[in-house]
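Examination of the molecular architecture
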Amino acid sequence: MPLILRLASRNLFQDRPRFAGNIIGIAISIILVTVQMGLLLGFARMITTMIQHASADLWIVSQAANSFEDAALIDEYQRFRALSVGGVTEAVPVVTGFAQWSVPTGTKTPVFIVGSGAGTAGLRPWNLIEGDVRALSVPDAVAIDRSYSDRLGTISYGAHVEIGGQRGRILAVTDGIRSFTTTPYLFTLLDRARNYTGIPPGKASFLLVRLSPAADRDAIKAQLRAKLSDVDVLTPDEFSRRSRSFWLFGTGAGAALFAGALLASLAGTVIVAQTLYASTKDHLDEFATLRAIGASASYLRMVIALQAVISAVIGFLVALAISTGVAKMTADAALPVVMTPGLTFGLFALTVIMCVVSGFSSIIKVMRVDPVTVFAQ
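Our subject in this report is the structure included herewith. (Residues numbered from 1 in each chain as written. Predicted model: local features only at pLDDT ≥ 70, side-chain atom pairs only at ≥ 80, totals over all residues. Heavy atoms only, no water.)

1. What about the packing of aromatic side chains?
How two aromatic rings sit relative to each other is given by the distance of their centres and the angle of their planes. The tally for this structure, following the rule as stated, stands at 11 aromatic pairs. On the numbers, 5.3 Å between centres and 80 degrees between planes, the contact of Trp59 with Phe206 is edge-to-face. Linking Trp59 in strand β1 (residues 58-62) with Phe206 in strand β11 (residues 206-211), this pair joins segments that are 147 residues apart in sequence. By relative accessible area, which is 0% here, Trp59 ends up buried. Relative accessible area serves as the criterion here: at 0%, Phe206 is assigned to the buried category. Among the aromatic side chains, those forming a connected cluster through ring pairs are Trp59, Phe68, Phe98, Phe112, Tyr185, Phe206 and Phe239. (Phe/Tyr/Trp six-rings, centres within 6.5 Å; stacked < 30°, edge-to-face > 60°. Helix = DSSP H or I, 4+ residues; strand = E, 2+ residues; numbered from the N terminus. Buried < 20%, exposed > 50% of the residue type's maximum accessible area, 1.4 Å probe, protein only.)

2. Examining the packing of helix α2 (residues 16-47) against helix α8 (residues 236-250)
One way to put it is that α2 packs onto α8 with a least axis distance of 9 Å and a crossing angle of 130 degrees. When the axis of α2 is compared with that of α8, the two are oblique. Considering only the axes of α2 and α8, their crossing is right-handed. Residue-level contacts link Leu40, Phe43, Ala44 and Ile47 of α2 to Ser243, Arg244, Trp247 and Leu248 of α8. Residues of the contact of α2 with α8, tallied by class, amount to six nonpolar, one polar and one charged. (Axes fitted to C-alpha atoms, helices over the stretch in contact; angles between N-to-C directions. Parallel < 35°, antiparallel > 145°, perpendicular 65-115°, else oblique. Left-handed = near helix turned anticlockwise from the far one by under 90°. Contact = heavy atoms within 4.5 Å. Nonpolar A, V, L, I, M, F, W, Y, C, P; charged D, E, K, R; others polar.)

3. Observations regarding the pattern of salt bridges
If you walk through the whole model with that rule in mind, you get nine salt bridges. Two residues, Asp132 and Arg134, come together in a salt bridge whose shortest N-O distance is 2.9 Å. Exposure remark for Asp132: the relative accessible area of 32% places this residue in the partly exposed category. Residue classification places Arg134 among the exposed residues on the basis of a relative accessible area of 67%. Overlapping salt bridges, with partners in common, bring together Glu76, Asp191 and Arg194 in one network. (Salt bridge = Lys/Arg side-chain N within 4 Å of Asp/Glu carboxyl O.)

4. Focus on the environment of Gly260
Here Gly260 is to be found in helix α9 (residues 255-281). Classification of Gly260 as buried rests on a relative accessible area of 18%.

5. Remarks on helix α7 (residues 217-227)
Taken together, the buried positions of α7 are occupied by Ile220, Lys221 and Leu224. Seen from one end, α7 has its buried residues packed into an arc of 105 degrees, which puts them on one side. Pointing more than 90 degrees away from the buried face of α7 are the exposed residues Asp218 and Ala226. In this structure Asp216 caps α7, since a side-chain oxygen of it lies 3.2 Å from the backbone nitrogen of Asp218. (Arc of directions from axis to C-beta. Polar contact = N/O pair within 3.5 Å; in protein donor to acceptor, adjacent residues only side chain to side chain.)

6. What about the environment of Val309?
Following the sequence through the fold, Val309 ends up in helix α11 (residues 297-329). Taking the C-alpha atoms as reference points, Val309 and Cys355, 46 residues apart in sequence, are found 6.7 Å from one another.

7. Things to note about the pairing of β1
For β1, a buried count of five out of five residues is recorded, marking the element as mostly surrounded by other parts of the structure. Bridge analysis of β1 against β11 gives four bridges, and the strand direction is antiparallel. Its bridge partner lying in β11, Leu58 is registered against Val209. Looking at chain direction, β1 and strand β12 (residues 231-234) are connected through four bridges and run antiparallel. Looking across to β12, one finds that Ile60 is bridged to Val233. (Pairing = 2+ DSSP bridges.)

8. Examining the nonpolar core
Counting 28 residues, the largest nonpolar core has Met50, Trp59, Phe68, Val114, Tyr185, Phe187 and Leu208 as its most contacted members. Per-element accounting of this core gives the leading share, three residues, to strand β9 (residues 185-189). Of all hydrophobic cores here, the second largest spans 21 residues; its members include Ala99, Ile155, Ala193 and Ile199. (Core = buried A, V, L, I, M, F, W, Y, C linked by side-chain atoms within 4.5 Å.)

So this is what it looks like as structure tokens:
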């Protein structure tokens, strides 16, 4: 083992209870940042769940539509104009809106209706655990997610329910299709969705456009924009960005998550700085000895940096294990903590940077140590 690594590790491990306290402090700070960033990532991902699961190459939306949940009506005749453009194979209308679900106890609770055609190109439920998508063709059939059973009173397969004063029957049950607004999604066919929401015939919330395999999406998008009026033609990624921007920046929904992530980062930096400063201060005699025997300032900086890196790696591994557990426990929650490889790598880099910067904040104290103090003891 190189001498500098041996020195750094012995400085850290000499007082094991204090070192354990240092690691706990670092781990707590990283867990705070991880949870806040994971919540923010989970929120951003849930915003675009429907958009990413739709079978569409392009979305035709109202210019006033800010997101999937905040849509505005368009005329369905735009569909026929879209189909007249070469390369467009399908333009499927989708109707969305709120309706009141009658709970068996006599109360009502809102649900978010998603209705599209019976073909494969529409926006259909996924992750089915009971029933089949084809069952939605049965009169009054609807699909609902099992996670909302407590709120809705029942999601039993085959149960008869009342939605917006109209009859419904649960013939498909999904698992994991949750809304970030906490309002349950309910899937059904197009005309049935209009009845539940009160949207008149000839109106739609979106048109999902599918293109032929050889079609040039950008060229067709430009043609559709020129041919259609009072609408926007967006790719799924463009509509996802618009939705995230609206909910994260246009409303107060994302402000708390951003503030939480920022405060967690600042708190984590302070915790790490205090932890590593105290650790360095406890070893001033050792650093004074090194200076007395001729160690250079750069050598001392390398020792402190190495101590910071060792602390960062161990603290991060502890934080990663706990954060992964938190992510698993919240997987079925209304707002889950999401861990991705990119987030994990970014947090590791952040941990190392925080520890090294915090470690060097104590270098001034070390550089001011008088080597004579070694001989005065």
